[in-house]
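So the chains spell out like this:
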Amino acid sequence: MELFLVYWVIVGILLLVGFIRLIVDAVNNKPLKPALILLIIGVILIVVGAGACAVILSGLNVR
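Residues numbered from 1 in each chain as written. Predicted model: local features only at pLDDT ≥ 70, side-chain atom pairs only at ≥ 80, totals over all residues. Heavy atoms only, no water.

Draft legend 1. Molecular detail of the overall build of the protein chain. Check the secondary structure of the protein chain and you find two helices and zero strands. On C-alpha atoms alone, the protein chain measures out to a radius of gyration of 15 Å, which is more than a quarter above the 11 Å that the 2.2 N^0.38 rule sets for 63 residues. Here the protein chain, with 63 residues, has 16% of them falling under the buried criterion. The long-range fraction of contacts in the protein chain, counting pairs at least 24 apart against all pairs at least 6 apart in sequence, stands at 53%. Taken as a whole, the protein chain presents about 5,000 Å² of accessible surface, with 79% of it coming from carbon and sulfur. (Helix = DSSP H or I, 4+ residues; strand = E, 2+ residues; numbered from the N terminus. Rg over C-alpha atoms; globule rule 2.2 N^0.38 Å. Buried < 20%, exposed > 50% of the residue type's maximum accessible area, 1.4 Å probe, protein only. Contact = heavy atoms within 4.5 Å. Areas by Shrake-Rupley, 256 points an atom, 1.4 Å probe, with all protein chains shown as cover.)

Draft legend 2. Broad picture of the packing of aromatic side chains. Tallying each qualifying case throughout the model produces one aromatic pair. Aromatic side chains Y7 and W8 sit 5.4 Å apart centroid to centroid with 80° between the ring planes, which places their arrangement in the edge-to-face category. Taking relative accessible area as the criterion, Y7 reaches 25% and is therefore assigned partly exposed. (Phe/Tyr/Trp six-rings, centres within 6.5 Å; stacked < 30°, edge-to-face > 60°.)

Draft legend 3. Region of interest: the packing of helix α1 (residues 2-27) against helix α2 (residues 33-58). The contact between α1 and α2 brings their axes to 8 Å, and the two run at 155°. Classed by the angle they form, the pair α1 and α2 counts as roughly antiparallel. Remark: the crossing between α1 and α2 carries left-handed chirality. Its residues placed into classes, the contact of α1 with α2 shows 22 nonpolar, three polar and two charged. (Axes fitted to C-alpha atoms, helices over the stretch in contact; angles between N-to-C directions. Parallel < 35°, antiparallel > 145°, perpendicular 65-115°, else oblique. Left-handed = near helix turned anticlockwise from the far one by under 90°. Nonpolar A, V, L, I, M, F, W, Y, C, P; charged D, E, K, R; others polar.)

Draft legend 4. Structural context of the pattern of salt bridges. The full count for this structure, using the stated rule, is one salt bridge. Put simply, D25 and R21 hold a salt bridge, and the shortest N to O gap is 3.7 Å. Taken together, the positions of D25 and R21, both in helix α1 and four residues apart, correspond to about one turn of that helix. (Salt bridge = Lys/Arg side-chain N within 4 Å of Asp/Glu carboxyl O.)

Draft legend 5. Summary view of the side chain of D25. The buried category is assigned to D25, whose relative accessible area is 9%. Other than its neighbours up to four places away in sequence, D25 contacts K30, P31, L32 and A35.

In structure tokens:
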């Protein structure tokens, strides 16, 4: 169970860093691609994590 909490904390930090970097890069007229990649990775991790939580909570036997 602790592993799930660590996973969600890491995803939250990744998204927070992505948003902060996006704002800072936009203000300084730097390329936004690295910040957007962080945000896309964060969204993918949210989708995967939410799917895994849904499978675990529903009790389905996925092999």
